[in-house]
Structure formats: C-alpha cells, structure tokens
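One-letter residues, chain by chain:
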Amino acid sequence: MEGNRNEFFNEIIGNIDEIFVPDDLHSARRELQDGEISRTLERCFSVISESGKLLSGTTASALSHRKPLSASSLQLSVTSYLSRFLKRGVYDKIKRRQTRLDHNLFDVLWPAMRKTSKARHLEEDINCGIIAPDFDVFVVFQEFLVPLIKDMHCLSIDADFKPQPRLAYFPMDNGERLNTAAFVFDDESLLVTRCLVEVSRNLDQLELPLNLTIGQLEQAERLMMSKIFTTHFADAIGETDSGNYYTMTELLEPDSEVTMMLSSLGLMIPLLDTKDLVQAAESTAFNGALWPYGRGVFVNSANNLAVWLNCQEHLRIISTSSSKEPADMGAAYTRVGRAITYLETQLHFKESYLLGYLQSRPSYLGTGLKMTTIVKLTNLMKEMDNLRHLCSVRGLSMVTNRLSKLTVRLVNMQSMGVVEYVLFQDYCTAVTNILSLEKDMSLTNSKHIATMLVKIFKRKKNSIVDRN
C-alpha cells in the first residue's frame, strides 16, 4: 500500500515537471488559478498577435521596426516585436506557469501594455516591453525569453548561448591588465552633447529590490554603502574624497535641489510620479510596495559618477563626460570600469554561466553595460526612419528625446556574449561611423548651397549686364 502511494505521488511530481519546467527548481509547481489574471493575459496575447500581423511578409529583424516617435507607436512596435517570439504554441505552453515567488507571464509582459503619455518620465523601451520581476523567470518562461533575449542582444536565435566571459573592462599590455581605456569622439563639429555609461549588478544572496522586505532593503543598502562610502572606493575611481549619499526620500521632495543637480549633471534616472494614480501603480509594479524606502544615490566628489541603490537593480553605476569634454567617452567608461572592477572584489553578485550578470532589465543581461552618446544629427534626423535603420544595422538603438527634437541617444544593443572592452570598442566604432555620415551630409549640403549661391550671383550679374 505504501509503495503504491509513493508511486502515485512520484507520478504526480513527474507530470508536474513535464507540464512546467524540465529539471524544475524555479517554478511554483502549481498552475495560475486567478481567473482575472488569466483573462488579462488573453487580452494581452490578443494585442500582441494582432500587432504582429503588421510585420507579416518581412524578413528583417523587428528591432529595425521600432519607432519611438510617440507613446502609441512605441507600444505598437514593441508588441509587434514580441509577436515574433510569443506564438500561440509558446503562449499556451507557458501561460499558466508561475515562478517560486508567484510571478506569472503578465508580470513579465505588462510594460508593453502600459498606456504611457509624453508627460511621463519613462525610459524609451530598449528592454522591448518586458521586465524580469525575479530571477526565476528566465527559466520558467524560457521558451519565450531565450530567443527574445538572443535577438535583443544581436545574437543568432538558432545558435546556442556561449558562456559569458569574465569581466574585462580594459586592454592588456605586456600580459598585464591596464586600468584605463581612452577614447574621444572626433567632434570638431560639436555634434556630441554628452556621453553616459551605466553598469548594473544584483547581490547574490538577495532577490530583486521589488521583492525585498524592509529588513532586506536595509541590509542591501547598508552592505553596499559600507563598500562605496570608503577611501578605498574613492582611490579606485581616482579621487581623494568620499562623496555624498542622498536618500530617495530627499530626491522625491518637491523642488529637490539634489534632483535638479543630478538632472543637470546627466546622472538622474527616470522616476515615476507616484502622485499620479496610473504612475503610482506602475511604480509599485517596477519597485514594490515599499518604495521609496531603502533607496538612495551616492554621488562622488567630482559630481561625474552616481551609484543608485535598490532602484530596479541593487546597484546602478552611472558616469558622464564633463561639460568641457562632452565627447570624452573614454573618461566616463574608465570611471565605471574602475568602480565596478573594485566592487567585484568586495561584493558577490548574481550571475549565470550563460546569461552573465542577471538583471531585472533584460537588455542589461551579460555584462550589465550600456553606453549612451547624446548627439545632434541635424541632417540625418530629417529622415528618422533612415537614421533608425543606419543605427540598427550597426548594433545601436536610437532613442528620441521627448523634451527636444534636436538630439537623439545612441545606445548599444548588445551587452552579452563578449567582454566589456570589446563592447566598448565596437560601440565607439559604430557611433563614430554615424557621426562621419552626418559630417559628410553637412559637407555635401554646404557644397550644394555654395553652388546654388554662385548660380544666383551669376544670374544677378547677367541680369545687370542685360539691363545696361
């Protein structure tokens, strides 16, 4: 009798493994029972499927179809992109799954469905409309996420993931790793207004900030600040003073001087307005119900590096070029590289053999590294679709500025599969190529204008001669 009972339970467990995830250590091992969420998921899938029909008949990567010109076009293009990977067969297989923390497919997809407006301070969606509410989603929803992540990072969908190489921000010289990577964009035409570099990490022993308790948020904040607010960290980034730390509560105060300072320096991250009911709900989905408790930002003494704590990721380091040398990408990159290389020796971060450093934002998987150059492309921006294509084929996401039509942001798509220094070199080459195209167009236009002026003067001269 006892043997029959054990066989019965083993059969149930075996069936559960088959229904959910092979070799499952990550799912809740029970189906989604909430009828309202299931109906919402069906509506989401319907939107994604319908928008996907707009891309039918094309063989180009959907990344080149992203057109962040407005809130509505952004949503449409993101859902169209997702339709390439969330087919009916995949959706039916994963729609009832939940992670160990009870997150379901809607918790991954909801950013693609939100109705944003131009007044909101939201990032352009380089994450393709998805978010990871916990680390287990990459396994539980792997049939959907694995090909999507590969395409997002410019990798072949049909090829297997390669192991993520170990951290290497700087080149080798005579068998030794340097601690500097110099590069300044050739910018005589003053096309570059600012360079930004961000790297993010999550602590190994804790869940994402969204899921932490008050005690865990305090623990994470205290642990990270104990390594950052030190002379050793200051030495690592080439400074003598330790800088300042500000709590998120201080930043969210009306007319906060700290917020205005960070915005002017280019070190601010997008924050939702929790006084708005819709944004408040989105903030809870992004950050958890305890926001803004246990969050803050460290700013170095030179005011060119910020370390954000427990804001979607446990650690987000942002560095910017100076106003005197806005095209100096190497300085911003070197500062971030030195900071994270030092912190790697002090803290243990969550990582995967194939996906690299695990992130809430899928576009940061692998190295966690994103480089941004804000540029004025007066001629190329006259044909935005062409510019978007020129960027896409060079591995760049083009992000428009909602506050100004004069500049765009060029961001690296790929952040996984190769070491940081290779990403840095490839990115600088791609942006340099775009800047060269803009200069060539300016030169061509100048010659064209000069030719037109000569013709006009000739006509005027001939007219005067005829009258005489």
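Given the structure is predicted, the values throughout are model-derived calculations rather than measurements.

One pass over the full model with this rule turns up 13 aromatic pairs. Consider the rings of Tyr169 and Phe170, whose centres lie 6.3 Å apart with planes at 50 degrees: the pair is tilted. Each member of the pair Tyr169 and Phe170 is classed as buried. Ring geometry for Phe229 and Phe298: centres 5.7 Å apart, planes at 70 degrees, overall edge-to-face. With a gap of 69 residues between them, Phe229 in the loop between α8 (214–228) and α9 (231–236) and Phe298 in strand β5 (residues 296–299) connect regions that are remote in the sequence. Ring pairs connect the aromatic residues Tyr169, Phe170, Phe183, Phe185, Tyr333, Tyr421 and Phe424, which therefore count as one cluster. One residue, Lys150, lies across the ring of Phe161, its end atom 5.1 Å from the ring centre.

Moving on: the nonpolar core. Phe233, Leu315, Ile317 and Leu410 are the most contacted members of the largest nonpolar core, which totals 59 residues. In this view, Ile317 contacts Val197, Glu198, Val199, Leu305, Ala306, Val307, Val336, Ala339, Ile340 and Leu343; residues no more than four positions away in its chain are not counted. Judged by nonpolar contacts, the second largest core, of 37 residues, contains Leu82, Val108, Leu109 and Leu148.

Mean pLDDT over the protein chain: 85, with 82% of residues reaching 70 or higher. The low-confidence segment residues 8–18, where pLDDT is below 50, has five contacts with residues more than four positions distant or belonging to other chains. A low-confidence stretch, residues 117–123 (pLDDT under 50), is modelled with 22 contacts involving residues beyond four sequence positions or located in other chains.

Right, let's talk about helix α11 (residues 257–265) for a bit. What sets the pattern is the α-helix's 3.6 residues per turn: residues three or four places apart point alike. For α11, the set of buried residues is Val258, Thr259 and Leu262. Viewed along the axis of α11, the buried residues span an arc of 100 degrees, placing them on a single side of the element. Where α11 is buried, its residues contact β4 (244–247), α10 (248–251), β5 and β6 (305–311). Two or three places before Val258, at the opening of α11, Ser256 has a side-chain oxygen 3.4 Å from that residue's backbone nitrogen. Count one or two residues on from α11 and you reach Gly266, which has phi positive near 80 degrees.

Here we come to the state of the cysteines. Counted under the stated rule, the structure contains zero disulfides. Of all cysteine sulfurs in the structure, the one in Cys428 sits closest to Cys195, which takes part in no disulfide; the separation is 8.0 Å. Of the residues examined, Cys195 reaches a relative accessible area of 0% and is grouped as buried.

All told, the structure shown has 16 salt bridges when counted by the stated rule. For Glu143, the salt bridge goes to Arg97, with nearest N and O atoms at 2.8 Å. Of the two residues, Glu143 sits in helix α7 (residues 142–152) while Arg97 sits in the loop between α4 (88–94) and α5 (105–113), which places them 46 residues apart along the sequence. According to the relative accessible area criterion, Arg97 is buried, its value standing at 2%.

Cut-off values and rules
- Residues numbered from 1 in each chain as written.
- Predicted model: local features only at pLDDT ≥ 70, side-chain atom pairs only at ≥ 80, totals over all residues.
- Heavy atoms only, no water.
- Phe/Tyr/Trp six-rings, centres within 6.5 Å; stacked < 30°, edge-to-face > 60°.
- Buried < 20%, exposed > 50% of the residue type's maximum accessible area, 1.4 Å probe, protein only.
- Helix = DSSP H or I, 4+ residues; strand = E, 2+ residues; numbered from the N terminus.
- Lys NZ or Arg CZ within 6 Å of the ring centre and 35° of its normal.
- Core = buried A, V, L, I, M, F, W, Y, C linked by side-chain atoms within 4.5 Å.
- Contact = heavy atoms within 4.5 Å.
- pLDDT = per-residue confidence, 0-100.
- Arc of directions from axis to C-beta.
- Polar contact = N/O pair within 3.5 Å; in protein donor to acceptor, adjacent residues only side chain to side chain.
- Disulfide = S-S within 2.5 Å.
- Salt bridge = Lys/Arg side-chain N within 4 Å of Asp/Glu carboxyl O.

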